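Descriptive structure summary
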Amino acid sequence: KDSQQAANFSKAIGKFTREDPTLKVSIDPKTNQTIISGMGELHLEIYIERMKREYGVECITGNPSVNYKETITSRSNFNYLHKKQSGGSGLFYPSNYVVIFLLL
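Our subject in this report is the structure included herewith.

Parameters and conventions
- Residues numbered from 1 in each chain as written.
- Predicted model: local features only at pLDDT ≥ 70, side-chain atom pairs only at ≥ 80, totals over all residues.
- Heavy atoms only, no water.
- Helix = DSSP H or I, 4+ residues; strand = E, 2+ residues; numbered from the N terminus.
- Buried < 20%, exposed > 50% of the residue type's maximum accessible area, 1.4 Å probe, protein only.
- Contact = heavy atoms within 4.5 Å.
- Polar contact = N/O pair within 3.5 Å; in protein donor to acceptor, adjacent residues only side chain to side chain.
- Core = buried A, V, L, I, M, F, W, Y, C linked by side-chain atoms within 4.5 Å.
- Pairing = 2+ DSSP bridges.
- Salt bridge = Lys/Arg side-chain N within 4 Å of Asp/Glu carboxyl O.

**Considering the overall build of the chain**
Looking only at helices and strands, the chain features 2 helices and 4 strands. When the helices and strands of the chain are placed in sequence order, the string is α-β-β-α-β-β. Sorting the 104 residues of the chain into buried and exposed places 14% on the buried side. The long-range fraction of contacts in the chain, counting pairs at least 24 apart against all pairs at least 6 apart in sequence, stands at 46%.

Pasting the structure below:
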């Protein structure tokens, strides 16, 4: 059933992109998602409904996933003494922080 759905999806996408030059299809190599872009949300919803009605293909729609490429490179600790004098006895409290540096 999944191979039949994939074949029908390919047929539908091929037909729709020939019909409408504003419909763009790409595959994100990092997330392996098929991304369909068009002139707006309604434009895309019409093609999703046509795919369901004409080809029997159920699509999972949503925002594209983002493949994050952050890597923790080092960890650093530091202490800070907060001092705030505002006419009274003031505020003094120590704080301990851990900073993690990321490589993007």
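**A word on the side chain of Arg50**
Structurally, the position occupied by Arg50 is in helix 2 (residues 41-55). A polar atom in the side chain of Arg50 sits 3.0 Å from the side chain of Glu19. In this view, Arg50 contacts Lys15, Phe16, Glu19 and Tyr55; residues no more than four positions away in its chain are not counted.

**Digging into the side chain of Asn8**
One can find Asn8 in helix 1 (residues 2-19). Apart from the residues within four sequence positions on either side, Asn8 is in contact with Tyr55 and Val57.

**Focus: the nonpolar core**
Counting residues in each nonpolar core, the largest one holds 9 residues, listed as Ala12, Ile13, Phe16, Leu23, Tyr47, Ile48, Met51, Tyr55 and Val57. Secondary-structure elements contributing two or more residues to this core are helix 1 and helix 2. In terms of residue count, helix 2 provides more of this core than any other element does, 4 residues in total.

**Remarks on the pairing of strand 2 (residues 33-37)**
As judged from the 5 bridges shared by strand 1 (residues 24-28) and strand 2, these two strands associate in the antiparallel manner. Across the sheet, Ser26 pairs through a bridge with Ile35, a residue of strand 2. Linking strand 1 to strand 2, which pair antiparallel, is a turn of 4 residues; within it Asn32 sits at a positive phi near 60°.

**What to know about the pattern of salt bridges**
Under the counting rule described, the total for this entry stands at 6 salt bridges. Note that Glu19 and Lys15 form a salt bridge whose closest N and O atoms lie 3.9 Å from each other. Taken as a pair, Glu19 and Lys15 lie in helix 1 at a separation of 4 residues, close to a single helical turn. Relative accessible area serves as the criterion here: at 30%, Lys15 is assigned to the partly exposed category. With a shortest N-O distance of 3.0 Å, Arg50 and Glu54 are connected by a salt bridge. Within this pair, Arg50 and its partner Glu54 are both found in helix 2, separated by 4 residues, close to a single helical turn. Residue Arg50 is classed as buried on the basis of its relative accessible area, which comes to 17%. The partly exposed category is assigned to Glu54, whose relative accessible area is 39%.

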